[in-house]
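A look at the structure
Each chain is listed here by its residues.
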Amino acid sequence: MAKEVRSLRLSEETVALIEKQDGSSFTDKFENLVQKCVRELPQKQRELKAVQQQISRERNNLEYIRKQQSALESNIRSLNYTLQNAESQATRVAKALAALMV
């Protein structure tokens, strides 16, 4: 393969990333990095899509749970109201019975 000479201006951070790659020269390291990214990109995109779908499912689950929690809280409030009414009626009945017993 014919080599083409190019000049690039890179930040120190980018140069450090390139230098961490496998290869015997800077050019080899740079080529390996680019090729690795091109090879791995489709798989990473599939993984990202799968994670996004999982997040969507979990959000739906969370919304369902929140609705269930709200319904349960409403039921608890209703039961507490019913219990208070029952206790109040029981107190009135007990007073009425006590009055009759006298």
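To be clear, the structure that these remarks concern was listed above.
Residues numbered from 1 in each chain as written. Predicted model: local features only at pLDDT ≥ 70, side-chain atom pairs only at ≥ 80, totals over all residues. Heavy atoms only, no water.

**Considerations on the pattern of salt bridges**
Inspection of every chain in the model, using the stated rule, returns three salt bridges. The salt bridge involving R6 is made with E4; its shortest N-O contact spans 2.2 Å. With a closest N to O distance of 3.2 Å, E19 and K29 form a salt bridge. With a gap of ten residues between them, E19 in helix α1 (residues 12–19) and K29 in helix α2 (residues 26–101) connect regions that are remote in the sequence. Taking relative accessible area as the criterion, E19 reaches 37% and is therefore assigned partly exposed. (Salt bridge = Lys/Arg side-chain N within 4 Å of Asp/Glu carboxyl O. Helix = DSSP H or I, 4+ residues; strand = E, 2+ residues; numbered from the N terminus. Buried < 20%, exposed > 50% of the residue type's maximum accessible area, 1.4 Å probe, protein only.)

**Notes on the environment of T91**
Along the polypeptide, T91 turns up in helix α2. Within polar-contact distance, the side chain of T91 engages the backbone oxygen of E87 at 2.9 Å. (Polar contact = N/O pair within 3.5 Å; in protein donor to acceptor, adjacent residues only side chain to side chain.)

Don't take any of this as a statement about function, it's just geometry.
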